[in-house]
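Survey of secondary and tertiary structure
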Amino acid sequence: MSRLAGKTAIVTGSTRGIGKGIAVRYGREGANVIVSGTNAELCEEVAESIRREGGSAIGIVCDVSDLDQINRLYDKTLEKFGEINIVVNNAGIAIFQPFIEVEPETVRKIWNVNLFGTFFSGQRAAKEMIRQGKGGKIINMSSISEEVGTADLTQYAMTKGGIKIMTKCMALELAQYGINVNAIGAGVIDTDISMEEFSKPGMREETVKRIPWGRMGEPEDLAGTAVFLAHEDSDYVTGTTVYVDGGLLAM
Ligand SMILES: NC(=O)C1=CN([C@@H]2O[C@H](COP(=O)(O)OP(=O)(O)OC[C@H]3O[C@@H](n4cnc5c(N)ncnc54)[C@H](O)[C@@H]3O)[C@@H](O)[C@H]2O)C=CC1
Ligand SMILES: C[C@H](O)[C@@H]1OC(=O)[C@H](O)[C@@H]1O
């Protein structure tokens, strides 16, 4: 299928995990994909793997906690492809720590990537999409953590709660330009972000037991929703979170 043919899509934090899964699927759906992250070699590696499958992709380094790098990401994308139609604000970090032990620096670090990065990448995306005058799709990576509390993750969960309301406010302001803004609320997905936590004895088994679908998610489980939210099929969907969580929030 080529549901995204002719579209140019930036996916932040797409050198591994969920972002990589989305970037690879967008490549298969015919989009020009910008693979982005903090490591230049990895950006090129993932872009090359998309090109090897016959897709169109380039790698551009961008630390989303740095506004200059965000602007460079957008400038370079426009230089190469002339337009930006889809942006997935996926880059994110988590640090597990009991609330009473968290240092200010930890909060600032998570805040800068998850909130500042999503906000200012979204802002630049909106400015370009308004200038282009053809609408566009902005997808923010959120989590079931925007809805339910998790011990040792206050410093992370509050950023996802922030992304939830950011998504709604952006959707309200940008509807007049035909720009959809939605979020994906991922459940527990088997990626490096939780590797340390799940290497603790019994943690993985305990977690899987709580998931109605009976397994942790894989990055590929999110890719279909990311295509839907990037495609015209979702033109009347805005300001919402689509949860992809194996039923966790149904409990
Ligand atoms: N794995 C999970 O269970 C869940 C993950 N999420 C969210 O999905 C997103 C992706 O996470 P995963 O793929 O699971 O983790 P991951 O750790 O495998 O991938 C995170 C990606 O973000 C990149 N990144 C980190 N800091 C960055 C920065 N300053 N600038 C640019 N890129 C940066 C990393 O290089 C990596 O490519 C995150 O926003 C995370 O909060 C949401 C719910 C569940
Ligand atoms: C970091 C967590 O393990 C991961 O991130 C989320 O947002 C999910 O709720 C998972 O627990």
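Heads up: these notes are all about the structure in this document. No experiment lies behind these values; they were computed from the predicted model shown. (Residues numbered from 1 in each chain as written. Chains lettered and ligands numbered in written order. Predicted model: local features only at pLDDT ≥ 70, side-chain atom pairs only at ≥ 80, totals over all residues. Heavy atoms only, no water.)

Right, let's talk about the site of ligand 2 for a bit. Near ligand 2 the following residues occur: A94, F96, S143, I144, S145, L153, Y156, G187 and S194. In the model, an oxygen atom of ligand 2 is placed 3.3 Å from a nitrogen or oxygen of the S145 side chain. One nitrogen or oxygen atom from the side chain of Y156 is found 2.7 Å from an oxygen atom belonging to ligand 2. About the coverage of ligand 2: the protein hides 90% of its 300 Å² of free accessible area. Partitioning the shell around ligand 2 into residue classes produces five nonpolar, four polar and no charged. (Near = heavy atom within 4 Å. Polar contact = N/O pair within 3.5 Å; in protein donor to acceptor, adjacent residues only side chain to side chain. Areas by Shrake-Rupley, 256 points an atom, 1.4 Å probe, with all protein chains shown as cover. Nonpolar A, V, L, I, M, F, W, Y, C, P; charged D, E, K, R; others polar.)

Time to look at the nonpolar core. Grouped together as the largest cluster of nonpolar side chains are 28 residues, with contacts concentrated most on I22, Y26, V33, I50 and I184. Contributing elements (two or more residues each) for this core: β1 (8–11), α1 (17–28), β2 (32–37), α2 (40–52), β4 (86–89), β5 (136–143), β6 (179–186) and α8 (220–230). If we skip the residues at most four places from it in the chain, I184 touches I139, N140, M141, S142, S143, L222, T225, A226, L229, T241, V242 and V244. Of all hydrophobic cores here, the second largest spans 26 residues; its members include I60, L78, V113 and I179. (Core = buried A, V, L, I, M, F, W, Y, C linked by side-chain atoms within 4.5 Å. Buried < 20%, exposed > 50% of the residue type's maximum accessible area, 1.4 Å probe, protein only. Helix = DSSP H or I, 4+ residues; strand = E, 2+ residues; numbered from the N terminus. Contact = heavy atoms within 4.5 Å.)

The next point concerns the site of ligand 1. The immediate surroundings of ligand 1 are formed by 26 residues, with R16, N90, Y156, I189 and T191 found nearest. A distance of 2.9 Å separates a nitrogen atom of ligand 1 from a polar atom in the side chain of D63. Isolated, ligand 1 exposes 820 Å² of accessible area, and the fraction of that covered by the protein chains is 93%. Broken down by secondary-structure element, the contributors of at least two residues to the shell around ligand 1 are α1, β5 and α5 (154–174). Looking at which element gives the most residues to the shell around ligand 1, the answer is β5, with three residues. Class assignment of the residues belonging to the shell around ligand 1 gives a composition of 12 nonpolar, 10 polar and four charged.

What follows concerns the sheet that holds β6. Reading across from one edge, β3-β2-β1-β4-β5-β6-β7 is the order of the seven strands in this open sheet, with parallel pairing throughout. What marks the edges here is a single partner per strand, and that holds for β3 (56–61) and β7 (241–244). The sheet shows a mean angle of 20° between the axes of neighbouring strands, direction not considered. Bridging between β4 and β5 involves four bridges; their strand directions are parallel. By the bridge assignment for β5, V88 is matched with I139. Strands in contact with α1 are β1, β2, β4, β5 and β6; relative to β1, the strand with the most contacts, it is inclined by about 170°. Against the sheet, helix α3 (residues 67–81) touches β1, β2, β3 and β4, its axis set at about 150° to β3. (Pairing = 2+ DSSP bridges. Axes fitted to C-alpha atoms, helices over the stretch in contact; angles between N-to-C directions.)

Everything listed here is a matter of coordinates, which is why it stays silent on function.
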